[in-house]
Amino acid sequence: MSIQNKWGFPDLGFGMGLRTVHYSHILEHWPKVDFFEIIVENYMGSGGRPIYLLEQIAERYKIMLHGVSLSVGSTDPVDFEYLKLLKNLIGLVKAQWVSDHLCWTGILGRNTHDLLPMPLTEESLEHVSRRVKIIQDFLEVPLVLENPSTYLEWAQDQISEWDYLNALTASADCGLLLDVNNVYVSSYNHGFSAQEYIQKIAGERVVYHHLSGHSNNGTYIVDTHDDYVIDEVWALYTQCFQRLGGRSTMVEWDADIPAFEVVHAEVMKAAGCRTQNLSEQILGESSLRRLGAREAGPRMPSEVKIG
Amino acid sequence: MAEREVVSNAKGAVLPSRSPAPVRREVRETGIQTLREQQAWLQNVVTCVPGRLVEAMSNTPQFIKEGYGLDPESRLWIYRGMFPIRMVESLQVDFPGVAYALGAEVFEELVMNYVEEHPSSSWTLNHLGLHFPAYLAKMKSRQRIFLHHLALLELNLAQVFDEPEVSALTPERLQTLSAGDWENLVLEPRPTSRLLKFDYPVSHYLHQVDNDLEPRRPAKAYQRVLILRKGFQMNRVILPEGGYFILKELFAGKKLAKAIDKLVTRYPEVGPTELQRWFHQWGDWGIFRAPG
């Protein structure tokens, strides 16, 4: 069974983040990778080496654009200077869409440079939906929002994150970057079922997957992107594939970044999930049991409509 | 210099080993907070200076739910703990010399006070350090001029790294100019060329820091530095007095002939051979913008 994404964006295969420590390896070996994803802020407004190297790499690879500073949920005005630079980059690499996070990074003219969580309320949903429409109209490509890793829940939260995202993507007509690790991290931190999240997310809105490692501190998990993808997350990724079919997938490794080959091996492991039942062949029963063990958290009322 | 790289939404935050500062649990009767109020509250908790944290967090239960494994205050601390790390790391990338000169503890405290006065207002952390040299100049410290000049050098290096690449005036092109051309020639610097004068040998100091040579604060001594980027490589050149003088005139938009006249008057020891050598070298380094 599979669910087509609404735009008919093709499955581009398996990619990895383009990081400075790997530049020389890439430029020397031109390794077999389906695409690279860049953090747009590292290239926007730069006329130096970063953009020069990006132009070289974009000649040989597809480039996915991923941002961390759009601040789509902020109650400050939309930053059109930022959007202009982003649009230039979209044109440069001929991107079909651009992704960022469901979050806000600052208000009152300040920027915390963190991905701060949105309250899951009707007011917030309407606010973000309005802004997504404005942003998409300006950029002229779909905006694809990523489910963030979150470490707190607002007292006024009214709905589950998956219901929020489903309502948002429908009302604003935008896409969804389903970060499988983030689903796991937030489910661990907030005690909801990661499997239910993936089962209930609007499949036709999902155009892209992220995978990464994290740091488990016992009572909470932090999304550190500094390690291998854990078995439980591979199992969830397999669940995504079984439900949705193939989606472009990338592995993020952003701290303590190992040699190119190590990250590449994780990318290939993702590819392996498409050709075998990873939950049986790699993970075994214990991972699936551990996933189930975190399912006993509080539940949210579902079904919220906006507009 | 180190290349700054923002990396996705990765967090390195860990909860503090000690319990967070005690918070007032006085919950007042309130209505529903607006999204704006929720964001203003969380931003204040995340970014305020330590002295204001207890007050900032006093009404946490009104805003944050009890967690699955953590209480509301501990959940906040994951965000709160990450903020200083991000700010310090960012300025450490751009100002490694200042960070070394001050030592980790003092640098961290200074950064947080600086950020309180000059919070980031941009989507990029590249602009966070714009006011840092001026902030250091206001320090109550005997080191302040040294630190100010060191930070100026580092800020200019960070800025030149990202400047756009424009065509350079080559030595070959210079040689094709006629005598008439020379008379009225204005040599404009490329955006990747910067000219700086310091009261301390901060370029030497930074070189030693970059090479883990553990330098001590140097004695006062003027240093004239040309920053240039060639083939996307960052370079620093120490200039002689005369070389700095004429480049300063040229970078200010003076005509070449007039700049040379002033140089010869001020520094009669600079002969035509040396001047020719300088221009050949500067042309080779591509410090001037190609005309047109």
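What counts and how
Residues numbered from 1 in each chain as written. Chains lettered and ligands numbered in written order. Predicted model: local features only at pLDDT ≥ 70, side-chain atom pairs only at ≥ 80, totals over all residues. Helix = DSSP H or I, 4+ residues; strand = E, 2+ residues; numbered from the N terminus. Buried ≥ 20, exposed ≤ 12 C-beta atoms within 10 Å, placed from the backbone. Contact = placed C-beta atoms within 7 Å. Pairing = 2+ DSSP bridges. Domains from an automatic or database assignment. Core = buried A, V, L, I, M, F, W, Y, C linked by C-beta atoms within 7 Å. Axes fitted to C-alpha atoms, helices over the stretch in contact; angles between N-to-C directions. pLDDT = per-residue confidence, 0-100. Parallel < 35°, antiparallel > 145°, perpendicular 65-115°, else oblique. Nonpolar A, V, L, I, M, F, W, Y, C, P; charged D, E, K, R; others polar. Expected span 1.5 Å × (residues − 1).

Caption draft 1: View of the overall build of chain B. Across its full length, chain B carries 14 helices and 3 strands. For chain B, the residues scored as buried account for 37% of the 292 residues in total. The long-range fraction of contacts in chain B, counting pairs at least 24 apart against all pairs at least 6 apart in sequence, stands at 68%.

Caption draft 2: View of the overall build of chain A. Scanning chain A for helices and strands turns up 10 helices and 10 strands. Scored against the burial criterion, the 307 residues of chain A give a buried share of 53%.

Caption draft 3: Geometry of the environment of B:M57. Residues and elements named next belong to chain B. Inspection of the secondary structure puts M57 in the loop between helix 2 (53-56) and helix 3 (60-63). Looking at M57, the number of C-beta atoms within 10 Å reads 26, which means it is buried. Once the C-alpha coordinates of M57 and V202 are considered, the two residues, 145 residues apart in sequence, prove to be 43 Å apart.

Caption draft 4: Structural context of the pairing of strand 2 (residues 223-230) of chain B. Residues and elements named next belong to chain B. Most of strand 2 is tucked away: 7 of the 8 residues are buried. Of the pairings in the sheet, the one linking strand 1 (residues 193-198) to strand 2 comprises 6 bridges and is antiparallel in character. In the strand pairing of strand 2, L196 is matched with V225. Alignment of strand 2 against strand 3 (residues 233-238), held across 6 bridges, turns out to be antiparallel. Residue L226 lies in a different strand from strand 3, and its bridge partner there is V237.

Caption draft 5: View of the domain arrangement of chain B. Residue and element names in this part refer to chain B. Domain boundaries assigned for chain B yield domain 1 (35-157) and domain 2 (166-285). Once you take the C-alpha centre of each, domain 1 and domain 2 turn out to be 37 Å apart. With 14 residues of domain 1 at the contact, the number on the domain 2 side is 14 residues. Looking at the side of domain 1 that touches domain 2, the elements that each hand over two or more residues are helix 5 (96-102) and helix 8 (144-162). Looking at the side of domain 1 that touches domain 2 element by element, the count peaks at 9 residues for helix 8.

Caption draft 6: Just the interface of chain A and chain B, in detail. Across the boundary between the two partners, chain A contributes 58 residues, which contact 51 residues of chain B. Elements with a contribution of two residues or more to the side of chain A that touches chain B: helix 2 (49-58), helix 4 (122-139) and helix 6 (180-190) of chain A. At 3 residues, helix 4 of chain A tops the list of elements feeding residues into the side of chain A that touches chain B.

Caption draft 7: Geometry of the nonpolar core. Judged by nonpolar contacts, the single largest core of 146 residues is most densely connected at A:V144, A:L236 and B:L150. Ranked by the residues each element gives to this core, the list is headed by helix 8 of chain B, at 11 residues. Of the residues that make up this core, three or more belong to each of domain 1 (35-157) and domain 2 (166-285) of chain B. Dropping the residues within four chain positions of it, B:L150 is found in contact with B:G97, B:V98, B:A101, B:V202, B:Y205 and B:L206.

Caption draft 8: Representation of the sheet that holds strand 2 of chain B. All names here are of chain B. Strands sit in the order 1-2-3 across an open sheet of 3 strands; the sheet is antiparallel. Strands with a single pairing partner mark the edges of an open sheet, and in this sheet they are strand 1 and strand 3. The sheet shows a mean angle of 20 degrees between the axes of neighbouring strands, direction not considered. Along the sheet face, helix 11 (residues 202-210) touches strand 1, strand 2 and strand 3 and points at about 55 degrees away from the line of strand 2.

Caption draft 9: Region of interest: the sheet that holds strand 6 (residues 175-179) of chain A. All names here are of chain A. With respect to topology, 8 strands assemble into a closed barrel ordered 1-2-3-4-5-6-7-10, the strand pairing being parallel. Strand-to-strand twist in this sheet, taken as the mean axis angle between neighbours without regard to direction, amounts to 30 degrees. In the packing of helix 6 onto the sheet, contacts are made with strand 6 and strand 7 (206-212), and the angle to strand 7 comes to roughly 65 degrees. The sheet strands contacting helix 9 (residues 260-273) are strand 1 (14-17), strand 7 and strand 10 (248-252), and the helix crosses strand 1 at an angle near 150 degrees.

Caption draft 10: Inspection of the confidence of the model for chain A at higher detail. When the pLDDT values of chain A are averaged, the result is 91; 89% of them are 70 or greater. When the criterion is pLDDT under 50, residues 281-307 of chain A qualifies, and its contacts beyond four places in sequence or with other chains add up to 47 contacts.

Caption draft 11: Layout of the environment of B:S58. Residue and element names in this part refer to chain B. Tracing the backbone shows S58 in the loop between helix 2 and helix 3. Owing to 16 C-beta atoms within 10 Å, S58 belongs among the partly exposed residues under this scheme. Along the chain, S58 and V45 lie 13 residues apart, while their C-alpha atoms are 9.8 Å from each other.

Caption draft 12: Local environment of the environment of A:K62. All names here are of chain A. Locating K62 in the fold gives a position in strand 3 (residues 62-66). For K62, a count of 18 C-beta atoms within 10 Å corresponds to the partly exposed category. As for K62 and T169, which are separated by 107 residues in sequence, their C-alpha atoms are 25 Å apart. Once residues within four sequence positions are removed from consideration, K62 is found in contact with L12, D34 and F35.

Caption draft 13: How the structure looks around unusual backbone geometry. With a phi close to 45 degrees, A:D256 is a non-glycine residue in the positive phi region. Mapped onto the fold, A:D256 is located in the loop between strand 10 and helix 9. Unlike most non-glycine residues, B:D212 shows phi in positive territory, near 55 degrees. Within the secondary structure, B:D212 sits in the loop between helix 11 and strand 2.

Caption draft 14: Main features of the packing of helix 4 (residues 72-94) of chain B against helix 6 (residues 104-117) of chain B. All names here are of chain B. Where helix 4 contacts helix 6, the axes come no closer than 10 Å and their chain directions differ by 105 degrees. When the axes of helix 4 and helix 6 are compared, the pair comes out roughly perpendicular. In contact with P84, M87, V88 and L91 of helix 4, helix 6 contributes E108, V111, M112 and V115. A class-by-class count of the residues in the contact of helix 4 with helix 6 yields 7 nonpolar, no polar and 1 charged.

Caption draft 15: Expanded view of helix 5 (residues 161-172) of chain A. All names here are of chain A. In this model helix 5 runs 16 Å from its N-terminal to its C-terminal C-alpha over 12 residues, within 8% of the 16 Å that 1.5 Å per residue would give. With 10 of its 12 residues buried, helix 5 lies for the most part within the structure. Where helix 5 is buried, its residues touch helix 4, strand 6, helix 6 and helix 7 (194-200). Looking at the residues trailing helix 5, positive phi occurs at D173, about 55 degrees.

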